[in-house]
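Fold and contact review
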Amino acid sequence: MYDYLNKEIDKRDKLIYSIAKLFAIWGYKHLAKPHEEIHGDIKRLKDKKAVFLFAGLHKSLWETTGVITSLYFNNFPVPFIGMGDNLVRGKFFQNLAKKTGVFLIKRANTRRDIVKSAESLKKTILNFIAHGTDILIFPEGTRKNISQNGKYGGFFPTVFEAMLEYERNKKEILKSNRNLSGNETYIIPFNVDYSKIREDGEIIKESKNMPHTLHIIDSLKMLKNLGNIYISIGKPISVSANIEKNRKELAKYTRERCLDLVKILPINIVSRSILDSFKNGRIEYKKIAYNISENIKKLEMYKDRFRGFSIKDKPQYIINNLNRNEIKLKKIDPDNLAVYRLYSNYISHYFEKREE
């Protein structure tokens, strides 16, 4: 059995963490307009010392700082964050990231390395949970599923295997490790929706060159106001109540709860309607307003997930309510179809559900 008594969690460096926190708070306040929706059970469970694994869909690197900043402002402990080691290049920056509360996940190419990486991640999750430390992770593993596949990716099951293993063996673990608390464990689904994704241009590129956001310094080039951002943190999923599920079933169930948290924004509706108006190599501009109305009707059953507009709003109002920084949607152009497709596909699962 895994040695739970050996606490392997890297400690945050107080100075470096404080500096990183100042930057995160400044960006949260001045480069975005966050809207938070946090399920009430989370506070109640945290008051009882429950341990959380936050698991969410992945769209932008903003989530790695934005979600934990939201938790900080709402008086929750700041979780440690899992991030692919390819996102932080160089030992200097990797060590710096670890000192702020990041644990790196090995990106593997060969089957052998994938197995080793999964086993290492599992041990890391077990160590965090056993010692009562919250963690935040993106089980999709990439931001590019939507741009490459037109839909959100499946959740890799390793982290869910770790949660189930701990819960199933908790009594034996606590018996052998009396210093551990044995708090209840929960998976917290979350999702973030954007009126403007800061790296949308990078995400849709098919270039083999390294994208800018793979380097911390390069990310500074993307400092811009992102407008409305919707942070949704959903109903906790009790691991003990789902202990009969296998790891893939729990991963799938968590993913479905994350998909339920996706909000429908003006940028999604307008982008979808532009694509619907694209015929024979050109955009029929006069049809965009009509298609906006039609798409809103199709999604009426999900009107509780509309943000930034209502079902009664006229198409022109919705267009005018787009992020002012989003030039590509102010000047509608066939050359920008990839951008429209990206924002449209963030809500494509709602159209697919409707057709089932």
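Before going into details, it helps to say that this report is about the structure given with it. (Residues numbered from 1 in each chain as written. Predicted model: local features only at pLDDT ≥ 70, side-chain atom pairs only at ≥ 80, totals over all residues. Heavy atoms only, no water.)

1. Describing the overall build of the protein
The following threshold applies: The secondary structure listing takes helices from DSSP runs of H or I that are at least 4 residues long and strands from runs of E that are at least 2 residues long, numbered from the N terminus. Note on exposure labels: buried denotes an accessible area under 20% of the residue type's maximum, exposed denotes more than 50%, and partly exposed covers the range between, all computed with a 1.4 Å probe on protein chains only. A contact between two residues is defined here by any heavy atoms of the two lying within 4.5 Å. The accessible surface values rely on the Shrake-Rupley method and a 1.4 Å probe; as for residues, cover is taken only from the protein chains in view.
If you tally the helices and strands in the protein, you get 17 helices and 10 strands. Here the protein holds 356 residues, and the buried ones make up 51% of them. Long-range contacts, defined here as pairs at least 24 residues apart, represent 77% of the contacts in the protein between residues at least 6 apart. Accessible area for the protein stands at about 18,400 Å²; split by element, carbon and sulfur atoms hold 50% of it.

2. Looking at the pattern of salt bridges
What counts here: Criterion for a salt bridge: a side-chain nitrogen of Lys or Arg within 4 Å of a carboxyl oxygen of Asp or Glu.
In total, this model carries 22 salt bridges according to the counting rule given. With its nearest N and O atoms 3.0 Å apart, the salt bridge here joins Asp 260 to Arg 257. Of this pair, Asp 260 and Arg 257 both sit in helix 11 (residues 247–260), separated by three residues, roughly a single helical turn. Under the relative-accessibility criterion, Asp 260 is labelled partly exposed at 22%. With its nearest N and O atoms 3.5 Å apart, the salt bridge here joins Lys 297 to Glu 294. Of the two residues, Lys 297 and Glu 294 both sit in helix 13 (residues 288–298), three residues apart, roughly one turn of that helix.

3. Let's talk about the pairing of strand 6 (residues 185–194)
What counts, and what does not: We call two strands paired when DSSP finds no fewer than two bridges between them.
Burial runs high along strand 6: 10 of the 10 residues are buried. Along strand 6, one buried face is formed by Thr 185, Ile 187, Pro 189, Asn 191 and Asp 193 and the opposite face, lined by Tyr 186, Ile 188, Phe 190, Val 192 and Tyr 194, is buried too. For strand 6 and strand 8 (residues 237–238), the ladder comprises two bridges, and the chain directions are antiparallel. In the sheet register, Tyr 186 faces strand 8, and the bridge partner there is Ser 238. Direction of pairing for strand 6 relative to strand 7 (residues 228–233): antiparallel, over a ladder of five bridges. Note on strand 7: the bridge partner recorded for Asp 193 is Tyr 230.

4. What to know about the packing of helix 5 (residues 111–130) against helix 7 (residues 158–168)
Definition in use: Axis definition: a line fitted to C-alpha atoms, over the contacting stretch in the case of helices. Angles run 0 to 180 degrees between N-to-C directions. Between 65 and 115 degrees an angle is taken as roughly perpendicular, under 35 as roughly parallel, over 145 as roughly antiparallel, and anywhere else as oblique. Handedness of each helix crossing follows the sense of rotation of the near helix against the far helix: counterclockwise by less than a right angle gives left-handed, clockwise gives right-handed. The classification used treats Ala, Val, Leu, Ile, Met, Phe, Trp, Tyr, Cys and Pro as nonpolar, Asp, Glu, Lys and Arg as charged, and all other residues, Gly among them, as polar.
At a closest axis distance of 9 Å, the pairing of helix 5 and helix 7 adopts a crossing angle of 45 degrees. Considering their axes alone, helix 5 and helix 7 lie oblique with respect to each other. Between helix 5 and helix 7 the crossing geometry is right-handed. For the pair helix 5 and helix 7, the contacting residues are Ala 118, Leu 121, Lys 122, Ile 125, Leu 126, Ile 129 and Ala 130 in the first and Thr 158, Val 159, Glu 161, Ala 162, Met 163, Glu 165 and Tyr 166 in the second. Partitioning the contact of helix 5 with helix 7 into residue classes produces 10 nonpolar, one polar and three charged.

5. Points about the packing of aromatic side chains
Going by this rule: Working definition: a ring pair exists when centres of Phe, Tyr or Trp rings (six-membered ring for Trp) sit within 6.5 Å. Plane angles under 30 degrees give stacked, over 60 give edge-to-face, the rest tilted. Two thresholds decide whether a charge sits over a ring: the Lys NZ or Arg CZ must be within 6 Å of the ring centre and within 35 degrees of the ring normal.
The full count for this structure, using the stated rule, is 15 aromatic pairs. Centre to centre, the rings of Phe 138 and Phe 190 are 5.8 Å apart; their planes meet at 75 degrees, and the pair counts as edge-to-face. Here the residue Phe 138 occupies a position in the loop between strand 5 (135–137) and helix 6 (145–149), and Phe 190 occupies one in strand 6, the gap between them amounting to 52 residues. The two residues Phe 138 and Phe 190 agree in class, both being buried. Among the aromatic residues, those joined into a ring-pair cluster are Tyr 28, Trp 62, Tyr 72, Phe 73 and Tyr 194. The ring of Phe 80 carries Arg 12 above its face, with NZ or CZ at 4.2 Å from the centroid. One cation-aromatic arrangement involves Lys 59 over Tyr 346; the distance from NZ or CZ to the ring centre is 5.2 Å.

6. Here we look at helix 12 (residues 266–276)
Most of helix 12 sits out of view: nine of its 11 residues are buried. The complete set of buried residues in helix 12 reads Pro 266, Ile 267, Asn 268, Ile 269, Val 270, Ser 271, Arg 272, Ser 273 and Ile 274.

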